[in-house]
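Given next are the chains, with one letter for each unit.
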Amino acid sequence: DAVIHCEGLAKTYAEGPLRTHVFHDLHLEVARGETVAILGASGAGKSTLLHLLGGLDTPTGGEVYVAGQKMSALSDAERGRLRNTALGFVYQFHHLLPEFTALENVMLPVLLGGKALADAEAGARHLLEAVGLGHRLGHKPGELSGGERQRAAVARALVNRPACVLGDEPTGNLDEKTAATVFELMLSLNREQGTSLVLVTHDRSLARRLDRVLELHEGRLRELSTEEV
Ligand code: ADP
Ligand code: ADP
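Residues numbered from 1 in each chain as written. Chains lettered and ligands numbered in written order. Predicted model: local features only at pLDDT ≥ 70, side-chain atom pairs only at ≥ 80, totals over all residues. Heavy atoms only, no water.

Looking at an unreviewed UniProt entry, the protein carries the name Lipoprotein-releasing system ATP-binding protein LolD, with the source organism given as Marilutibacter chinensis. Under the Sequence similarities (unreviewed entry) heading, UniProt states for the protein: "Belongs to the ABC transporter superfamily. Lipoprotein translocase (TC 3.A.1.125) family." According to the UniProt record, the Subunit (unreviewed entry) comment for the protein reads "The complex is composed of two ATP-binding proteins (LolD) and two transmembrane proteins (LolC and LolE)." (UniProt positions renumbered as here; feature names shortened; annotations may be inferred.)

Below, the structure is given as structure tokens:
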């Protein structure tokens, strides 16, 4: 039972006469409840891969299936809905909306999913409390510390109980101690709710804690053995 499955995945960026072939035949399957780290040098295509898995960009070849649904067969609205319900995104920079409070930022994906205001608020409160921000509900991102902002971003990614969280260096912008806290938070989600994690990271000590470690190198995904990580 795969939450994410892709076959023959290819991506070539074309800008005028310039072609960047990032990869041309990637295969990846992430089982429900599985945690996967993706390592790779800068420019290897890690962000590109995550964008394709999350339906934020379109592959030039191959297919991505999220929760059994073929992404290319969906309308933009359907893809948006699937992204909002089946997936959660955490980036290196939090991308919280500056004009909204922590509570409102976390409520937003629930409201976009069509839930009532009271449900959205209850869910958002619950998760912000779970990430240790119960006392910061009314703070705007500019009034939170870096770690608090990132924890709010994690709460936002998780509030719709996605089957899978896609993280692009989710702790990359944090000091070591805060990074560890945010990372533990994601792992506890995996343990308690069976949320799959696909995390791009360059931190091997974090990668080692996940079920599988893959390295993207010269357009190929290779599984690293425990000794190699
Ligand atoms: P990573 O996340 O591993 O650092 P990226 O996925 O960001 O790598 O980039 C992979 C390659 O694709 C790089 O050579 C990068 O320059 C190129 N690339 C990324 N995004 C674009 C884009 N929007 N247009 C053209 N080339 C891009
Ligand atoms: P850290 O030590 O984690 O970097 P800060 O020193 O930035 O944290 O902030 C300490 C606390 O003060 C945080 O909990 C944050 O929510 C609060 N805080 C920071 N800036 C503001 C602000 N402009 N308005 C209200 N609270 C703030």
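That shown, we press on.
## Describing the pattern of salt bridges
Throughout the structure, instances matching the rule amount to eleven salt bridges. In this structure, the salt-bridge partner of E148 is R136, at a minimum N-O distance of 3.2 Å. Taken together, the residues E148 in helix α5 (residues 146–158) and R136 in the loop between α4 (117–130) and α5 connect sequence positions twelve residues apart. Accessibility expressed as a relative area gives 22% for R136, which makes it partly exposed. Put simply, E228 and R222 hold a salt bridge, and the shortest N to O gap is 3.1 Å. If you follow the salt bridges from partner to partner, you end up with R204, E215, R222 and E228 in one network. (Salt bridge = Lys/Arg side-chain N within 4 Å of Asp/Glu carboxyl O. Helix = DSSP H or I, 4+ residues; strand = E, 2+ residues; numbered from the N terminus. Buried < 20%, exposed > 50% of the residue type's maximum accessible area, 1.4 Å probe, protein only.)

## Let's talk about the site of ligand 2
R136, H139, E143, L144, S145 and E148 make up every residue found near ligand 2. Contacts to ligand 2 include E148, whose side-chain N or O atom sits 2.7 Å from an oxygen atom. Bound to the protein, ligand 2 loses 37% of the 560 Å² it would expose on its own. Taken together, the residues of the shell around ligand 2 sort by class into one nonpolar, two polar and three charged. (Near = heavy atom within 4 Å. Polar contact = N/O pair within 3.5 Å; in protein donor to acceptor, adjacent residues only side chain to side chain. Areas by Shrake-Rupley, 256 points an atom, 1.4 Å probe, with all protein chains shown as cover. Nonpolar A, V, L, I, M, F, W, Y, C, P; charged D, E, K, R; others polar.)

## Remarks on the environment of L224
Tracing the backbone through its elements, the reader meets L224 in the segment after β10 (220–223). The buried category is assigned to L224, whose relative accessible area is 9%. In this structure, the C-alpha to C-alpha distance between L224 and V213, residues eleven residues apart in sequence, is 5.6 Å. Setting aside chain neighbours within four positions, we find L224 in contact with L39, R204, V213, E215 and V229. (Contact = heavy atoms within 4.5 Å.)

## Overview of the site of ligand 1
Contacts to ligand 1 come from Y13, E15, T20, V22, A41, S42, G43, A44, G45, K46, S47 and T48. One of the backbone nitrogen or oxygen atoms of G45 is found 2.9 Å away from an oxygen atom of ligand 1. The backbone of S47 places a nitrogen or oxygen atom 2.8 Å from an oxygen atom of ligand 1. The fraction of the free accessible surface of ligand 1 (560 Å²) that becomes covered by protein chains is 62%. Of all elements in the fold, only β1 (2–15), β2 (18–31) and α1 (46–53) reach the threshold of two or more residues within the shell around ligand 1. In terms of residues, the shell around ligand 1 owes the most to one element, α1, which gives three residues. Counted by class, the shell around ligand 1 contains four nonpolar, six polar and two charged residues.

## Structural notes on a nonpolar patch on the surface
On the surface, L97, F100, L108, L111, L112 and L117 cluster together to form a nonpolar patch covering roughly 540 Å² of accessible area. By residue number, the principal contributor to the nonpolar patch is helix α3 (residues 102–112), which donates three residues. Here L112 shows up in helix α3. With a relative accessible area of 66%, L112 lands in the exposed category. (Patch = residues over 30% accessible without salt bridge, like charges linked within 9 Å, V, L, I, M, F, W, Y side chains within 5 Å.)

## Details of the environment of G55
With respect to the helices, strands and loops of the structure, G55 is situated in the loop between α1 and β4 (61–66). Residue classification places G55 among the buried residues on the basis of a relative accessible area of 12%. Remark: the alpha-carbon pair of G55 and L108, spanning 53 residues in sequence, is separated by 19 Å. Setting aside anything within four residues of it in sequence, one finds G55 in contact with M71, R79 and R83.

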